[in-house]
Amino acid sequence: MADITAAMVKDLREKSGAGMMDCKKALSENAGDMEQAMDWLRTKGLAAAAKKSSRTAAEGLVGVAVSGTKGAAVEVNSETDFVAKNDQFQSFVREVTQIALATGGDVEALKTQAMPSGKTVEEVLTNNVATIGENQSLRRSRTLEVSKGAVVPYIHNAAAPGLGKIGVLVALESEASDGVLQTLGKQLAMHIAAAFPKALNEADLDESEIERERAIATEKAAESGKPADIIAKMVEGGIAKYRKEHALVSQLFVMDGKTKISDVVAKAGKDAGTEIKLVDYVRFQLGEGIEKETSDFAAEVAAASGVPQAPQA
């Protein structure tokens, strides 16, 4: 049996929201495998759904910018929120977002691009780390473009114009007026910021995630003791619900709670007298999927559970 350390219990507790002893048992039952332990907790109904990769656990800023029918989103991380409020840091994120808008969204290529100072993005970032005194990283970047229509930006929890905690871009292809597209795009962007879709369409959802959900649903359904054919229907019903809840076009619009996003877009096109297509979106949430260290928590877990702490490197 794998040694279950206090740090492992701490990590699983933060990811799942489950109780300390439940996390310890989950790890013990699954030989210390973190993903299998998470699935075990979910199967038992012990994991908090909100605690997963969507949690914000790093600081910095997301930047968005639009020019014509093209938009860019960039995430730059820092260690503390204090640095995110620094003028030097904000200027860097703003300039890098503009460079991404002009040159494309590949992060590694973006690092080699020249900034107004003549130095590359990577060189300026390295200098910022030295002068600000805190580690920083250019984490990700993406661009969207349409041949006709609009790419509409939105920042949630704005720290400054075009900079904040959540950045969204919505790409709409249409002959409709810019006013119509801007209004619709902002409404859709606000929905995306709140509802956290995982893909544009059901067909675009990650099949490995679907299979993982299927395995969890199958184990849960099996515990009901119902006949195999009923269990199969329960599982497929659960998967169908998962697809609808996580694909943007089939989600229910947060502003009324009853209209599908696809219908919202269709109605806007009908009202405008011309078709509007929602062709893509970007949603960057600051620190998404990054875990932040929590001081002294492992020691608290060890003291309460009797689990030995892993030696410090």
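Parameters at a glance
Sequence order as written defines residue numbering, which begins from 1 separately in each chain. Totals for whole chains, interfaces and linings use every residue, but because this is a predicted model, local features are given only for residues with pLDDT of at least 70 and side-chain atom pairs only at 80 or more, for both listing and counting. Computation of side-chain values covers all heavy atoms of the structure but excludes hydrogens and water. Put simply, DSSP marks the helices as runs of H or I at least four residues long and the strands as runs of E at least two long, and each gets a number from the N terminus on. A simple rule labels every residue: compare its accessible area, found with a 1.4 Å probe on the protein chains alone, to the largest value its type can have, and call it buried under 20%, exposed over 50%, or partly exposed in between. By the convention used here, residues are in contact when the closest approach between their heavy atoms is within 4.5 Å. Residue exposure ignores everything except the shown protein chains as possible cover, and the areas themselves are Shrake-Rupley values with a 1.4 Å probe. Each nonpolar core is a collection of buried residues, namely Ala, Val, Leu, Ile, Met, Phe, Trp, Tyr and Cys, held together in the definition by side-chain atoms within 4.5 Å. The quantity known as pLDDT measures the predictor's confidence residue by residue, on a range of 0 to 100.

Draft legend 1. A look at the overall build of the protein. Secondary structure assignment for the protein yields 12 helices and 6 strands. Buried positions account for 43% of the 313 residues belonging to the protein. The long-range share in the protein, meaning contacts at least 24 apart out of those at least 6 apart in sequence, stands at 67%. Looking at the protein as shown, the accessible area adds up to about 15700 Å², and 51% of this sits on carbon and sulfur atoms.

Draft legend 2. A look at the nonpolar core. Ranked by size, the top nonpolar core spans 24 residues in total, and within it V168, V170, L172, L188, I276 and L278 carry the most contacts. Secondary structure elements with two or more residues in this core: β4 (149-160), β5 (163-174), α8 (178-195), α11 (261-272) and β6 (276-285). Element by element, the count of residues in this core is highest for α8, at 6 residues. Once residues within four sequence positions are removed from consideration, V170 is found in contact with A150, V151, V152, G185, L188, A189, I192, L278 and D280.

Draft legend 3. Broad picture of the confidence of the model for the protein. A residue-level look at the protein finds 88% of positions with pLDDT of 70 or above and a mean pLDDT of 86. Taken as a whole, residues 49-57 scores under 50 in pLDDT and shows 24 contacts with residues more than four places along the chain or in a different chain. Contacts from residues 300-307, a stretch scored under 50 in pLDDT, to residues over four places away or in other chains number 15 contacts.

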